[in-house]
Structures are given as structure tokens and as C-alpha cells.
Amino acid sequence: MFAKINRGDRMAGLMVYLQGPGRRDEHTRPHIVAGDAGVMSWYAGEEELTRAQALRVAKYLERPTKALNESVKKGRYEQVAAGRDGHGTRVLERTKTGEVDAHVYQIALSARAEEGELGDEVWREIAGEFVDRMGITSGDAPTRWAAVHHGLSVSGNDHIHIVVNLVREDASKVSTHMDFLRAKEVCRELETEFGLMPLNPNEYDLTRSSVRAEYETARRREQATPGGNPRIPWAELDEPGQHQLMAAHVADPAEWRRILETREEHADPDVAAKFKHQGAQEKAARVAYEKRVQAGEESTPWSSLSKTARARLVEAAEDPKVRLARTVRACSTAAEDEAEFVRRLRQSGLLVRPRFEKGRTDIVTGYSVATRPYKGERPIWRGGGSIARDLSLPRLREQWPDDPATASAAVQEWTAAKNRKPPVGRGREAMKPGPEVWAKATADLTQLRTQLREIAPDDYATWARVARESSGILAAWSHRVEKTPGPLAATSDILARSAETSTRVERRLETTKTRGRLPSISGAAYLLLAAGGTGPAAELAMLKAVMNLSKALYDMHKSSQDALRAQRIETVIRGQLMSVARRLQDEARAGAPAPEPSVEKTGPRTPAAGTTTTLDPRAEEALRLRRDAFGDAPVAPSNTPPTAPPADRPRPNQTPGQAPGKTPPGQTPGQRRDRGLDR
């Protein structure tokens, strides 16, 4: 459970909003579930709140402020320009510019979406305990407050809104000192007491919460059935009864015993993150399926689908935020400047909205993106920094040139995107790269891998940049070739975690030094995002270079004692990227052109001594890329036919005494292929 706190001075406006339909018509059957003695004497039942009643409650809550002519102030802060730093970048400081009335105190208490609906009885007890432990009702005189429940949020969270007048009936005021920290502590206490899912739940908590939600949903359905015999509430079940239901939910008895034995262990934060991701996937699958039901493409409601059918739909769905982050990361990595970044975002089908500095139209301080909504719906905007830490506009600008010309071009593109007008300029995103660009991009990747051997593991700025660009390369490739998220997308998501630093360690000065010391690999993302390529051999050579960069990140995490991230990178490379490499290798072997002599089209395959052969330039380039990709030594163009190696010299990957082309004893063919990554 988590709390969100807001303050203002319009009690009537807040109550009318809580009673109304909401911003997206998400409010259903608004009613009061808890409050002080005066409120509960009027609305003790589940009567739906009308607008007139909401205004009456607001007038009642507001009365101490009006009658006693008291007010509560809070500071008003603004971002004020404080000059420029040594690089010419505008510096903003948060400055107090005055005070505003803020006696209206609102706390939104939300349960996790996986909890389902808690019910009015549970929320009534939670609201009462929360206001008591926060010190809201601890004064000598009564504090007027009310709690409104109006259904699930857009994200599927069951929640209530607690509305408080900070002015008590004796003119004393409720203390809000350290209220954010105190609210977190109270939420942790209430989670334990009411059996709710904690902030970082372990597997026992997750299983219990999921089974409880299904149990309570079935109980409410039985209550609504005329003549039904509803089961007892979950809270009234003893622990053996709850465990019996939870064991039936887990397919493997051994797995259930392990979950039960580790119920008291500290929760791994990654378990909560994984469960949150699964919840977002389930929501995306449910929303897409319900839209097909409305369109007449499906006849069975989501609630009537079997668990197997739901699991298949959830597995095929993807969290919209993850997909959005991958698209933005691909566009940012492929772009040479900020203007090209904006054009690529729009070219990929995203809606783009800039955020200008207050009172200005020539300085962009941030941006938001959204996927195109269904007909009749509003887009859901997400800021770059909320998608991922490394995708905020200040972070992205550190990899692009900073001069007046590029800044002016970027503002023009941002303005065109905001007004839904065609792009102003035209850059690399509209061009098709040639074979020479592929060769240069692969060489840059190889050079970067060589130079990374000299970078210390604690140089977080450099490694974050390498992780971001490597993830962007694979994201661009996935955007072009994978209709549904596949191995490239999975590897991109794993590498992106190494790019999201918790603090802004990538200072502009450090990044400028790094940019001058290491080669840029944005050209690789530009190539892979463009339609078409030069064939599987070129793509295989680039994939091998990206895998080597991933191996460098693996070594860095291992040296930094970050075994968990190192293990994730190793797993995704061996489990995901190696399958792509084998497929490209098979395609390259099947499609590589065989060189043919241009002088004699018949005769023996081996030219006689003193004769020369000439290869077609495209065949020569394909042969070079193929041999580079397979790990052989580069072949320089030559008219002299290659000579066979001595019979007694072992070939690469051949042990002494091993027959050519045979797998060494005790080693499978797959292990033999995987040795390329170790090299």
C-alpha cells in the first residue's frame, strides 16, 4: 500500500471532483466509507454520493476555517534562472517566491492492483487507523475529515481519498511535519496488520495476495447472486485454511513447500519489480481483449476466460511502458542530434509533446511521449525521465552536440511536433545507408571494445553510456525485425538496466572527455533502424561486436561484485542472442556468393600456377564480412589464391589428435559453438 499527499485551498472543488466521473470516467459509485462523527452520522451506509451531498460535506468540513478565520500556509516554489555554468548551460534553482493557503489536506491510499477490491469494511478500518497514527485526530479538539471510495483507478488500484481540514475546531492546526516519511511508515505497519502486499513482497506474500483477491472476488459474486450462499470473508479464515487454498494455487507441491519455508525471509526487490511488470502485462492484455470484445471480435468476457486462456494472452502481451522505453532508446541512440531524435520519434509512430521553460517558447526543458490511442480515447503521456532515468532530456543531450545551430533546429522540430505539423528538416532518418557505412560501424564497435579494456570498473559515466548505446542498438534492431518482442528486445531490456544509474553521475564535463576518448557507436543503431541491410553476413558481424560489448559489461559487473546483473547479462546472451547468431550464421552460409574465376569459366577449381583470378567487388566484400563474422582472420583482396594450411597444424578450436570437423570428446556441438563468446 502507498500514500500520495496533496494540499490546496478548495474544499468544495475537491469534493465535487471525487464525486464526479473523474478525468477518464474511472469513478464508479462514489460514496463515503469513513469520517469523523459528524460525517458518519449522515452517511453511515453505502449510499452513492450526489453533487449536492458532496457540497454539503465540503461545507461541513470547511466550517472551522470560515468560522474561526484561520488559515494554513505552505511555501510556493518556482524554478528561477540563476545564470549559466561554464559550458553555457542555463542553471535553474528552486526558489521560494511566496506562500499560498493550503488547509485542505488530501491523502490517496492505494492498494496494489494485484490485491483486487478490498471492500468498504476493510477501507473503513484502514482509514481510521491511518488518521490516528498520522496524528490527525490526536488534538484536544475534533478534526473534521472524510474518506471517499469511488472504485478502481485507471491502473486497476483499489483506493480511497481521505480529505482533512487542517484547522481543528479550537483553531489549533494539524502538524504536517515529515508527513511523507510518517505516511510511509504507517503504510508499512498497516500492510502487516491487514495482510496486504508489502512494498517488496516475497513469493509467499505474492501468492497469498493473488489467492486472496480471487477468493474475495468470488465471494462478492456469490453475495450478488439472489439466494446465494456466500463463503466467509478471507480475514475470517484461519491460517491452515488460507494455506490450503494457496497450496491449490501452486501447481508443484515441492514449490509450495519452498515458498512456505521462506515466508519469513527478506523480500528481494527484484521479485516485486517482476510482479509489477507481470501486473502491467496482465493489464495490457485485459485492455486489448476488452476492446476486441467491444468491437465484436470476441464474445467471451475477460472475467469468464479460463486461467489457461488468460495466461496465454498475458504471455503474448507486453508492458506498454517497457515497449515505449525501448522505442525511445532506439531513436535516441540512432540520432546524431536532438532534431533528428524528434523526427525519429515521430517516424516510429509516437506522439511527441515538448515542455518549454515557463514563459518561453525557445527553450525546451523536457518532453513527453505517448502511443497513439484507440479511437475515442485520450493518449497516456509519459515523461522521458519517468520511462527510464537515462531517457530524460538532460541525460540525452549529453551525447549530442551543443551549439546554437543544432539548438535552433531542435526547437523548430519540437514546435512542429507539438502543433502536429510535418517535420521541418530532413536528415539521416530518410536515407538508406550503403555497405561502407556498415563496415565503419562494425569497426567502431570493435575499436570501442578494445578501448574498454582500459576503463576502470568504477567509471560509472562511461559504462552507463556503453550500456545505453548497446541497448539502443539492439532496440533499434528489434524495432525493425521483431513484430512481437523477441530475443533482441529481451537483451535490450536487460542491458538498459545497467544504463539507469540512481544518481546523475554523467556530468557534462566527464561525458565530454569520454566522448572524445571513445568512438561513437550511434551509427550501428542508425543502420539497424533503417529498412533493409547488406545481408545476414553484415548483420552477423555487427551482432558479434555487440555481444563483445555485452561481454565487457558482464566483466565490469563481475569486477564490481555485482553478481546479479552479471548473471542476467550472461543468461540473456547465451539464451537469447546466441539463437539469433546461429540463425544469422546459417543464413550467411546458405546465401554467401561463391567466388568464380572471370578468365576461365571451365576447367579445374584450383588455378594453375601463374594464373590470376578476379572477384566481383560485392562478392569480395561479402566474403570479407562472412570471414570476419565467423571469427577467421580478415582476408585482404588479392589475386593470389589462398594456400591450404599444413596437414599437421591443428585448426582453430581443434584439440591435438582430433580429426578435422569433429567435435572434441565430452563436448556437444552447441558447446563448441558457444566458445566463440568466451573468446
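Numbering of residues starts from 1 in every chain and runs along the sequence as written. Residue-level local features of this predicted model are given only where pLDDT is at least 70; pairs of side-chain atoms are given and counted only at 80 or more, and the full residue set underlies all totals for whole chains, interfaces and linings. To obtain the side-chain values, all non-hydrogen atoms of the structure were included, while hydrogens and water were left out.

A closer look at the sheet that holds strand β8 (residues 351–356)
If you walk across this open sheet you meet the three strands as β8-β9-β10, and the pairing is antiparallel. At either end of the open sheet lies a strand with only one pairing partner, and these are β8 and β10 (382–383). Strands qualify as paired when DSSP identifies two bridges or more between them. Secondary structure elements follow DSSP: runs of H or I no shorter than four residues count as helices, runs of E no shorter than two count as strands, and numbering proceeds from the N terminus. Both strand β9 (residues 364–370) and β10 contribute to a ladder of two bridges, which runs antiparallel. Its bridge partner being in β10, Ser 368 is matched across the sheet by Gly 383.

Points about the confidence of the model for the chain
Summary of the metric used: pLDDT quantifies the predictor's per-residue confidence within the range 0 to 100. For the chain, mean pLDDT is 76; residues scoring 70 or higher make up 76% of the total. Considering only residues more than four positions removed or in separate chains, one finds that residues 502–516, a stretch of pLDDT under 50, has 31 contacts. Between two residues, a contact is recorded if the distance between any of their heavy atoms is within 4.5 Å. Within the model, pLDDT remains below 50 along residues 593–615, and this stretch shows 12 contacts once partners closer than five positions in the same chain are excluded.

What about the sheet that holds strand β1 (residues 2–8)?
Ordered by their spatial adjacency, five strands build an open sheet running β1-β5-β7-β6-β2, and the pairing between neighbours is antiparallel. Two strands in the sheet have a free side with no partner beyond their single neighbour: β1 and β2 (31–35). Strand after strand, the sheet turns through a mean of 25 degrees between neighbouring axes, direction not considered. One ladder, built from seven bridges, connects β1 with strand β5 (residues 104–110); its direction is antiparallel. Note on β5: the bridge partner recorded for Phe 2 is Ser 110. The angle between two axes is taken between their N-to-C directions and runs from 0 to 180 degrees, where each axis is a line fitted to C-alpha atoms and a helix contributes only its stretch in contact.

Remarks on a positive patch on the surface
On the surface, Lys 4, Arg 23, Arg 24 and Arg 378 cluster together into a positively charged patch. Here Arg 378 is to be found in the loop between β9 and β10. Overall, the relative accessible area of 65% leaves Arg 378 in the exposed class. Like-charged residues within 9 Å of one another, or nonpolar side chains (Val, Leu, Ile, Met, Phe, Trp, Tyr) within 5 Å, are grouped into patches, provided each residue has over 30% relative accessible area and no salt bridge. Method for areas: the Shrake-Rupley scheme with a 1.4 Å probe, in which residue coverage is limited to the protein chains shown. Salt bridges are counted wherever a side-chain nitrogen of Lys or Arg sits within 4 Å of a carboxyl oxygen of Asp or Glu. Asp and Glu are treated as the negative residues and Lys and Arg as the positive ones, with His and the ends of the chain left uncounted. Here the site of a charge means NZ on Lys, CZ on Arg, CG on Asp, or CD on Glu. Three labels apply to residues, based on accessible area from a 1.4 Å probe with only protein chains included: buried if under 20% of the type maximum, exposed if over 50%, partly exposed otherwise in between.

Side note on helix α11 (residues 320–334)
The end-to-end C-alpha distance of α11 is 21 Å, a good match for the 21 Å that 15 residues give at a rise of 1.5 Å each. Burial within α11 is extensive, with 11 of its 15 residues counted as buried. Among all positions in α11, only Leu 324, Ala 325, Arg 326, Thr 327, Val 328, Arg 329, Ala 330, Cys 331, Ser 332, Thr 333 and Ala 334 are buried. By this rule the span expected of a helix is its residue count minus one, scaled by 1.5 Å.

What about the packing of helix α17 (residues 460–481) against helix α18 (residues 487–499)?
Running from amino to carboxyl end, α17 crosses α18 at an angle of 160 degrees, the nearest separation of the two axes being 8 Å. Relative to α18, α17 is oriented roughly antiparallel. The chirality of how α17 crosses α18 is left-handed. Across from Ala 464, Ala 467, Arg 468, Ser 470, Ser 471, Leu 474, Ala 475, Trp 477, Ser 478 and Val 481 in α17, the residues of α18 making contact are Leu 488, Ala 489, Thr 491, Ser 492, Leu 495, Ala 496, Ser 498 and Ala 499. Each residue is assigned to one of three groups, with Ala, Val, Leu, Ile, Met, Phe, Trp, Tyr, Cys and Pro labelled nonpolar, Asp, Glu, Lys and Arg labelled charged, and all others, Gly among them, labelled polar. Per-class residue counts for the contact of α17 with α18 are 11 nonpolar, six polar and one charged. Roughly parallel means an angle under 35 degrees; roughly antiparallel, over 145; roughly perpendicular, 65 to 115; everything else is oblique. Two helices that cross are described as forming a left-handed crossing if the nearer one is turned anticlockwise from the farther one by less than a right angle, and a right-handed crossing if clockwise.

Details of helix α3 (residues 51–68)
Every α-helical turn comprises 3.6 residues, leaving residues that sit three or four positions apart pointing alike. The end-to-end C-alpha separation of α3 is 26 Å, in line with the 26 Å expected for 18 residues at 1.5 Å each. The sharpest bend along α3 measures roughly 50 degrees and falls at Glu 62, with the proline Pro 64 sitting one to four residues further on. Taken as a whole, α3 has its buried residues at Gln 53, Ala 54, Val 57, Ala 58, Tyr 60, Leu 61, Glu 62, Pro 64 and Thr 65. On its buried side, α3 packs onto α1 (11–19), β2, α2 (37–42), β5, β6 (145–152) and β7 (158–165). Two axes enter the bend calculation: one fitted to the seven residues ending at the residue in question, the other to the seven starting there, and the bend is the angle between them.

Re the pairing of β2
For β2, the buried fraction is high: five of the five residues fall into the buried class. Direction of pairing for β2 relative to β6: antiparallel, over a ladder of four bridges. What sits directly across from His 31, in β6, is His 149.

Digging into the packing of aromatic side chains
Any two of the Phe, Tyr and Trp rings considered here, Trp counted by its six-membered ring, make a pair once their centres fall within 6.5 Å; the pair's planes then place it as stacked at under 30 degrees, edge-to-face at over 60, or tilted in between. Enumeration over the complete set of coordinates arrives at five aromatic pairs. With a centroid separation of 6.5 Å and 70 degrees between ring planes, the pair formed by Phe 341 and Trp 414 is classed as edge-to-face. Residue Phe 341 is found in helix α12 (residues 338–347), and its partner Trp 414 is found in helix α15 (residues 404–418); the two are separated by 73 residues along the sequence. Taken together, the ring pairs in this structure connect Phe 341, Tyr 367, Trp 400 and Trp 414 into an aromatic cluster. Only when the NZ atom of a Lys or the CZ atom of an Arg is both within 6 Å of the ring centre and within 35 degrees of the ring normal do we say a charge sits over the ring. One residue, Arg 144, lies across the ring of Tyr 60, its end atom 4.2 Å from the ring centre. The residue whose ring lies beneath Arg 353 is Trp 381, and the NZ or CZ to ring-centre distance is 4.3 Å.

Quick notes on the side chain of Arg 212
Counting through the fold element by element, Arg 212 comes out in helix α6 (residues 203–224). Classification of Arg 212 as buried rests on a relative accessible area of 6%. The contacts of Arg 212, once residues within four sequence positions are left out, are Glu 115, Leu 118 and Trp 234.

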